[in-house]
Amino acid sequence: MEPIIKVTTPKREWLLRCYSDKEDVLSLEVQDGGIDVFLPSGVDGVRLEAGQIAAFREALDEAIARAEADLRAAATA
């Protein structure tokens, strides 16, 4: 049976928890073949613990794949 609920657009944003007492979130966003990294408001850097490192790596790998797909699509358009 064909699923009713489907993702129709590629994922372009990943939200990741950072180590802090405020439960901060950083985000990765893909736009026009580039990746933007947004740190939590008011911080110069973030610390990632083991589980967060794994999530960051996975999100960054997905973002890279999406950016590469965007660049390939733009090159063939």
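Whatever comes next refers back to the structure up there.
Residues numbered from 1 in each chain as written. Predicted model: local features only at pLDDT ≥ 70, side-chain atom pairs only at ≥ 80, totals over all residues. Heavy atoms only, no water.

**Comments concerning the pattern of salt bridges**
In step 1: Enumeration over the complete set of coordinates arrives at 5 salt bridges.
In step 2: Between D70 and R66 there is a salt bridge, with its nearest N and O atoms 3.4 Å apart. Within this pair, D70 and its partner R66 are both found in helix α1 (residues 50–76), separated by 4 residues, close to a single helical turn.
In step 3: Take D70: its relative accessible area is 15%, and that puts it in the buried class.
In step 4: For R72, the salt bridge goes to E68, with nearest N and O atoms at 3.8 Å. Here R72 and its partner E68 are both found in helix α1, 4 residues apart, which amounts to about one turn of the helix.
In step 5: A relative accessible area of 41% places E68 in the partly exposed class.
In step 6: A cluster of three or more residues bridged by salt bridges with shared partners is formed by R12, R66 and D70. (Salt bridge = Lys/Arg side-chain N within 4 Å of Asp/Glu carboxyl O. Helix = DSSP H or I, 4+ residues; strand = E, 2+ residues; numbered from the N terminus. Buried < 20%, exposed > 50% of the residue type's maximum accessible area, 1.4 Å probe, protein only.)

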